[in-house]
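Inside the fold
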Amino acid sequence: MTRVSLAGLLILCAIVLLTRPLHAQTGTPTIEDGSQVTLQMTITLPNDHVMIPPHTSEYTHGAKQLLPGLEQALVGLHSGDTKRVELDADHAFGQYDAGKKMTVPRAQLPHTIARGDMATTAEGRPFTVVSLSDESAVVDFNHPLAGKHIVLDIVVLNVKPKA
């Protein structure tokens, strides 16, 4: 049988209390299914040396409004937390598929469209105009970030628990 002194027990309790996460002490909500989350996100494409400036986004956690890998990485975070999430192409916007690039008659596109513009078909399918001539256009139905390794720097601005 081990004897523990009162001083030793008090020190042990103090260590446990002081090393617990601050959020557990303050009771701030954590990100979980059903939480309404507001975050600021900066996207970087390290292989292309491109950074997409920070923007604010709001979503319902678990409603499949974010990339699955990103949503999974945010579970348990609190307002004020920051996190860097790296996703390869397979876990971000998929691999680039050359079969999604095609030539269409120029007359099918608006007269004012230009190379690099993004538009949607009548069915709502987004595409990017790759090149234009008088008779035809090359359009790409891949997501603009398909085939890219992305890094997301996240700042959780607000977490509202499931109602």
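Scroll up for the structure.
Residues numbered from 1 in each chain as written. Predicted model: local features only at pLDDT ≥ 70, side-chain atom pairs only at ≥ 80, totals over all residues. Heavy atoms only, no water.

Structural notes on the side chain of Thr128
Selection criterion: Strands here mean DSSP runs of E at least two residues long; helices mean DSSP runs of H or I at least four residues long; both are numbered from the N terminus. Any two residues having at least one pair of non-hydrogen atoms within 4.5 Å are treated as being in contact.
Relative to the assigned elements, Thr128 resides in strand 6 (residues 126–132). Among all residues touching Thr128, those that are not within four sequence positions of it are Gly116, Asp117, Met118, Val138, Val139, Asp140 and Pro144.

With respect to the pattern of salt bridges
Inclusion rule: Here a salt bridge means any side-chain nitrogen of Lys or Arg lying within 4 Å of a carboxyl oxygen belonging to Asp or Glu. Between buried and exposed lies partly exposed: a residue is buried under 20% and exposed over 50% of the maximum accessible area for its type, with that area taken using a 1.4 Å probe on protein chains only.
Taken as a whole and assessed by the stated rule, the structure comprises two salt bridges. Notably, a salt bridge pairs Lys148 with Asp48, separated by 2.7 Å at the nearest N-O pair. A residue pair is termed long-range when its members are at least 10 positions apart, and Lys148 in the loop between strand 7 (136–140) and strand 8 (150–160) and Asp48 in the loop between strand 1 (36–45) and strand 2 (50–60) qualify at 100 residues. For Lys148, a relative accessible area of 27% puts it in the partly exposed group. Taking the shortest distance from any N to any O, the salt bridge between Arg84 and Asp153 comes out at 2.7 Å. With a gap of 69 residues between them, Arg84 in strand 3 (residues 82–87) and Asp153 in strand 8 connect regions that are remote in the sequence. For Asp153, a relative accessible area of 24% puts it in the partly exposed group.

Here's the deal with the pairing of strand 8
Within a regular beta strand, the side chains point alternately toward one face of the sheet and then the other, so they alternate between its two faces. Which entries qualify depends on this criterion: Note: two strands are recorded as paired if DSSP finds a minimum of 2 bridges between them.
Sheet topology places strand 1 next to strand 8; nine bridges connect them, and they run antiparallel. Bridge assignment links Leu39 to a residue of strand 8, and that residue is Val156. Strand direction decides the pairing type here: strand 3 and strand 8, joined by six bridges, are antiparallel. Each residue of the ladder has a partner; that of Thr82, found in strand 8, is Val155.

Examining the environment of Ile31
In this structure, Ile31 sits in the loop between helix 2 (22–26) and strand 1. The exposure class assigned to Ile31 is buried, which follows from its relative accessible area of 1%. Separated by 129 residues in the primary sequence, Ile31 and Lys160 place their C-alpha atoms 8.2 Å from one another. With near-sequence residues (within four places) excluded, Ile31 lies in contact with Val37, Tyr59, His61, Leu74, Val75, Gly76, Leu77, Val156 and Val159.

A short note on the nonpolar core
For clarity, the cut-off: Throughout, nonpolar core names a set of buried Ala, Val, Leu, Ile, Met, Phe, Trp, Tyr and Cys residues whose side chains join them through atoms within 4.5 Å.
Core analysis: the largest hydrophobic core is formed by 22 residues, its most contacted members being Ile31, Leu70, Leu74, Leu87, Ile150, Leu152 and Ile154. Put simply, the parts of the chain that give this core at least two residues each are strand 1, helix 3 (68–74), strand 3 and strand 8. Sequence-distant contacts of Ile154, that is, excluding residues within four places in its chain, are made with Leu39, Gln40, Met41, Leu70, Leu74, Asp81, Thr82 and Lys83. Counting residues in hydrophobic clusters, the runner-up holds eight residues, among them Ile113, Val129, Ala137 and Phe141.

A look at the packing of aromatic side chains
To keep things clear, this is the line we draw: Working definition: rings of Phe, Tyr and Trp (its six-membered ring) pair if their centres are within 6.5 Å, and the pair is stacked with planes under 30 degrees apart, edge-to-face with planes over 60 apart, and tilted otherwise. In our convention, an over-ring charge means Lys NZ or Arg CZ found within 6 Å of a ring centre and within 35 degrees of that ring's normal.
Tallied over the full model, the rule gives one aromatic pair. Considering the side-chain rings of Phe127 and Phe141, the 5.6 Å spacing of their centres and the 55° angle between planes classify their relative orientation as tilted. Pair noted here: Phe127 is in strand 6 and Phe141 is in the loop between strand 7 and strand 8, with a separation of 14 residues, a long-range link. The burial state of Phe127 is the same as that of Phe141; both residues are buried. When the ring centre of Phe141 is taken as origin, the NZ or CZ atom of Arg125, which lies over that ring, is 3.9 Å away.

Regarding the sheet that holds strand 8
Rule in force here: To obtain an axis, a line is fitted to C-alpha atoms, over the contacting stretch when the element is a helix, and the angle between two such axes runs from 0 to 180 degrees between their N-to-C directions.
Judged by pairing direction, the sheet is antiparallel, and its four strands sit side by side in the order 2-1-8-3 without closing on themselves. Each having just a single partner strand, strand 2 and strand 3 make up the two edges of the open sheet. Put simply, the sheet's adjacent strands are angled 25° from each other on average, direction ignored.

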